[in-house]
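# Understanding the architecture of this molecule
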Amino acid sequence: MRDTQLGFHYSWSDLRPVRPLVLAVLLAELVGAAIGWSSLSAPSGFVRLWFGAALSALPGFALGLIAQWLSGRERFATHPVLIRRIGLIAALLTLAAGLMLMLGLDAEFGQPR
């Protein structure tokens, strides 16, 4: 991990110790994107994909915690900041998408101006 203006930058090799967690989140987002594509009513395909993926980030993180626990419990103690940051990003994505859906903003995105 090297420092950037934001204070952190992770490469794929930095994520190796928590790969079960990261893969579970990514897999959940792919499944969510497919569900969003087929079941959401936003006018744009990209918006449907994004909302589906964003809404599934937090459930994917929860499943990832279980997968990480089963594959390497000790990594919770050795990489707590990394795990918290992944969880924070997942929570923010899911919260933002959920609020946007509740406010009806999904219909606004993808509309021609």
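Anything mentioned here points back to the structure above.
Residues numbered from 1 in each chain as written. Predicted model: local features only at pLDDT ≥ 70, side-chain atom pairs only at ≥ 80, totals over all residues. Heavy atoms only, no water.

The next thing to look at is the overall build of the protein. Each helix and strand counted, the protein has 5 helices and 0 strands in total. Counting helices and strands in the order they occur from the N terminus, the protein gives α-α-α-α-α. In the protein, 68% of the contacts between residues at least 6 apart in sequence involve partners at least 24 apart. (Helix = DSSP H or I, 4+ residues; strand = E, 2+ residues; numbered from the N terminus. Contact = heavy atoms within 4.5 Å.)

Turning next to the packing of helix α3 (residues 57–71) against helix α5 (residues 80–102). Contact geometry of α3 with α5 gives a least axis separation of 7 Å together with a crossing angle of 150 degrees. Viewed along their axes, α3 and α5 adopt a mutual orientation that is roughly antiparallel. Here α3 contributes A57, L58, P59, F61 and L65 to the contact with α5, which in turn contributes I83, I86, G87, A90, A91, L93 and T94. Across the contact of α3 with α5, the residue classes break down as 10 nonpolar, 2 polar and no charged. (Axes fitted to C-alpha atoms, helices over the stretch in contact; angles between N-to-C directions. Parallel < 35°, antiparallel > 145°, perpendicular 65-115°, else oblique. Nonpolar A, V, L, I, M, F, W, Y, C, P; charged D, E, K, R; others polar.)

To continue, consider the nonpolar core. Counting 11 residues, the largest nonpolar core consists of L15, V18, L21, V22, V25, A57, F61, L82, I83, I86 and A90. Those elements giving two or more residues to this core turn out to be α1 (19–39), α3 and α5. Ranked by residue count, the leading element in this core is α5, at 4 residues. Those residues in contact with I83 that sit more than four places away from it in its chain are V18, L21, F61, L65, R75 and F76. (Core = buried A, V, L, I, M, F, W, Y, C linked by side-chain atoms within 4.5 Å. Buried < 20%, exposed > 50% of the residue type's maximum accessible area, 1.4 Å probe, protein only.)

Looking now at the packing of aromatic side chains. Under the defined criterion, the tally for this structure stands at 2 aromatic pairs. Between the aromatic rings of W50 and F51, the centroid separation amounts to 5.1 Å while the plane-to-plane angle is 85 degrees, which identifies the pairing as edge-to-face. Note on W69 and F76: the rings are 5.7 Å apart at their centroids and 50 degrees apart in plane angle, and the pair reads as tilted. One residue, R48, lies across the ring of W37, its end atom 4.6 Å from the ring centre. (Phe/Tyr/Trp six-rings, centres within 6.5 Å; stacked < 30°, edge-to-face > 60°. Lys NZ or Arg CZ within 6 Å of the ring centre and 35° of its normal.)

Attention shifts here to a nonpolar patch on the surface. Together, L88, L92, L95, L99 and M102 line one region of the surface with nonpolar side chains, adding up to about 530 Å² of accessible area. For L92, the location among the structural elements is in helix α5. Classification of L92 as partly exposed rests on a relative accessible area of 49%. (Patch = residues over 30% accessible without salt bridge, like charges linked within 9 Å, V, L, I, M, F, W, Y side chains within 5 Å. Areas by Shrake-Rupley, 256 points an atom, 1.4 Å probe, with all protein chains shown as cover. Salt bridge = Lys/Arg side-chain N within 4 Å of Asp/Glu carboxyl O.)

Quick look at the environment of I35 now. By the secondary structure assignment, I35 is in helix α1. I35 gets classed as partly exposed once you look at its relative accessible area, which sits at 48%. Linking I35 and L49, residues 14 residues apart in sequence, is a C-alpha distance of 8.0 Å.

All right, on to the packing of helix α2 (residues 45–55) against α3 then. Packed helices, taken two at a time, are described by their axes: the angle between them and the distance between them. Between α2 and α3, whose axes approach to 4 Å, the crossing angle comes to 35 degrees. Only A57, L58 and P59 of α3 make contact with α2, whose side of the interface consists of A53, A54 and L55. Its residues assigned to classes, the contact of α2 with α3 comprises 6 nonpolar, no polar and no charged.

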